[in-house]
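The primary structure of each chain is shown beneath.
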Amino acid sequence: MSDKEPILNSAEFDLDFQDFSNSIPDDAATIPTSQFSNFQPSLMTEEGETKLTLESDVLLEEENSPTTTTSAFWSFQFYQQFFNVDDQMVLERLMFACMPTLNSSYLDKLKPVPDLYGPLWVCITLIFSTAISGNMADFFSSLGKDTDWEYDFKKVSIAGTVVFSYVTVVPALLSGFLWWRKSNTSAKLADILSLYGYSMSLFVPVSLLLCINYEWLRWVLIVALVLTSGGVLSLTVWKILEEEPKQLSLILTGLLFSLHLALILLFKVYFFAASENSTDNSTSPT
């Protein structure tokens, strides 16, 4: 066996253990300390709740806020901004589209960003409501006759062609004219498209009421539609053309109002034509 290693004796090293107290020495005040400034505010409140000041929350709010984008028009981001709306915003724009006001422009209701979501669904709803109501009007007028009534599916395609042609071609022509004139107006193509789309919103309830087989009531509804929907459109167009010469603005506003009037009369004559059974008095339909 190898020699045993010597055992260290603690007495040979004269170890001295001291008990350090937690008391602060008297000269602690003279010890220099580092000073800090410009603290970031605490993320905790006195109640222990986390403050909503995180950078992620700020970025989320900016993402959800309706702001314009400079993306190219063929990109998805460019069109996404026109569908970034909520139900409350769409309802307000639908409501103001039925109430012409002299002191304000409907373009003010489309700020900060016009949308195409509301106008798209307004046009789709109008197409089907007009086709269905037009066929119902034909059915009521066929009562008491020997002829068999059949559903006319062509009215759906005709209504769709007329509505979408009107709300796209006319705004495009007006926007192109403003671009050609180098107008200083703030109205862009998206604003005018949104304006024309929302101006058709009152057509939907009127089209449902036009199936009632009273000719005098139909004309009352047509006049009311001209004054309200046509009024909102004409007053807004007049505001858009305020930078142009007064005579030119008056001619263009009158022309666009005439086109709107022609559209309303076309709906009345084609989809809700007067029949032999329509009455001009208070008697019930036959």
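To keep things clear, this report deals only with the structure shown in the data block.

Conventions used here
Residues numbered from 1 in each chain as written. Predicted model: local features only at pLDDT ≥ 70, side-chain atom pairs only at ≥ 80, totals over all residues. Heavy atoms only, no water. Axes fitted to C-alpha atoms, helices over the stretch in contact; angles between N-to-C directions. Helix = DSSP H or I, 4+ residues; strand = E, 2+ residues; numbered from the N terminus. Left-handed = near helix turned anticlockwise from the far one by under 90°. Contact = heavy atoms within 4.5 Å. Nonpolar A, V, L, I, M, F, W, Y, C, P; charged D, E, K, R; others polar. Core = buried A, V, L, I, M, F, W, Y, C linked by side-chain atoms within 4.5 Å. Buried < 20%, exposed > 50% of the residue type's maximum accessible area, 1.4 Å probe, protein only. Phe/Tyr/Trp six-rings, centres within 6.5 Å; stacked < 30°, edge-to-face > 60°. Expected span 1.5 Å × (residues − 1). Salt bridge = Lys/Arg side-chain N within 4 Å of Asp/Glu carboxyl O. Patch = residues over 30% accessible without salt bridge, like charges linked within 9 Å, V, L, I, M, F, W, Y side chains within 5 Å. Areas by Shrake-Rupley, 256 points an atom, 1.4 Å probe, with all protein chains shown as cover.

1. A few points about the packing of helix H4 (residues 117-142) against helix H5 (residues 154-180)
Consideration 1: H5 packs onto H4 with a crossing angle of 145 degrees between their chain directions and a minimal axis gap of 9 Å. The handedness of the crossing between H4 and H5 comes out as right-handed. Contact residues: Leu 120, Cys 123, Ile 124, Leu 126, Ile 127, Phe 128, Ala 131, Gly 134, Asn 135 and Asp 138 in H4; Lys 155, Val 156, Ala 159, Gly 160, Val 163, Phe 164 and Val 167 in H5.
Consideration 2: Looking at the contact of H4 with H5 residue by residue, the class counts come to twelve nonpolar, three polar and two charged.

2. Here's the deal with the nonpolar core
Consideration 1: Grouped together as the largest cluster of nonpolar side chains are 46 residues, with contacts concentrated most on Tyr 106, Tyr 166, Tyr 196, Met 200, Phe 203 and Ile 240.
Consideration 2: Put simply, the parts of the chain that give this core at least two residues each are H4, H5, helix H6 (189-199), helix H7 (203-209), helix H8 (215-240) and helix H9 (246-271).
Consideration 3: Once you skip the residues sitting within four places of it in the chain, Ile 240 turns out to touch Leu 107, Leu 178, Thr 185, Ala 187, Ile 192 and Leu 195.

3. Here's the deal with the environment of Val 122
Consideration 1: Within the secondary structure layout, Val 122 lies in helix H4.
Consideration 2: In this structure, the C-alpha to C-alpha distance between Val 122 and Gly 197, residues 75 residues apart in sequence, is 6.8 Å.
Consideration 3: Each residue touching Val 122, except ones within four places of it in the same chain, is listed here: Leu 94, Gly 197, Met 200, Ser 201 and Val 204.

4. Details of the packing of aromatic side chains
A ring pair, where both rings are aromatic, is described by two values, the distance of the centres and the angle of the planes.
Consideration 1: For the coordinates displayed, the defined rule picks out nine aromatic pairs.
Consideration 2: Ring plane angle 85 degrees and centroid distance 4.9 Å describe the contact between Tyr 270 and Phe 271, whose orientation is recorded as edge-to-face.
Consideration 3: Using a relative accessible area of 36% as the deciding quantity, one classes Tyr 270 as partly exposed.
Consideration 4: A residue is classified by how much of its surface remains accessible, and Phe 271, at 2% relative accessible area, is buried.
Consideration 5: An aromatic cluster is present here, built from Phe 203, Phe 267, Tyr 270 and Phe 271 joined pairwise through their rings.

5. With respect to H4
Consideration 1: With 26 residues, H4 extends 38 Å from end C-alpha to end C-alpha; this agrees with the ideal 38 Å at 1.5 Å per step.
Consideration 2: With its phi angle positive at about 85 degrees, Gly 144 sits one or two positions after the end of H4.

6. Quick look at the pattern of salt bridges
Consideration 1: By the definition in use, this model includes six salt bridges.
Consideration 2: Close ionic contact of Arg 93 with Asp 115 constitutes a salt bridge, the shortest N to O distance being 2.4 Å. Here Asp 115 lies in the loop between helix H3 (87-96) and H4 and Arg 93 lies in helix H3, a separation of 22 residues in the sequence. Of the two residues, Arg 93 and Asp 115, both sit in the buried class.
Consideration 3: Glu 244 serves as the salt-bridge partner of Arg 181, at 2.9 Å between the closest nitrogen and oxygen. Residue Arg 181 is found in the loop between H5 and H6, and its partner Glu 244 is found in the loop between H8 and H9; the two are separated by 63 residues along the sequence.
Consideration 4: The exposure class assigned to Arg 181 is partly exposed, which follows from its relative accessible area of 35%.
Consideration 5: Several salt bridges converge on common partners, so that one network encompasses Glu 215, Arg 218 and Lys 268.

7. Focus: a nonpolar patch on the surface
Consideration 1: On the surface, a nonpolar cluster with roughly 750 Å² of combined accessible area is contributed by Phe 128, Ile 132, Met 136, Phe 139, Leu 143, Trp 149, Tyr 151 and Phe 153.
Consideration 2: Here Ile 132 is to be found in helix H4.
Consideration 3: Taking the relative accessible area as the measure of exposure, Ile 132 reaches 42% and is therefore partly exposed.

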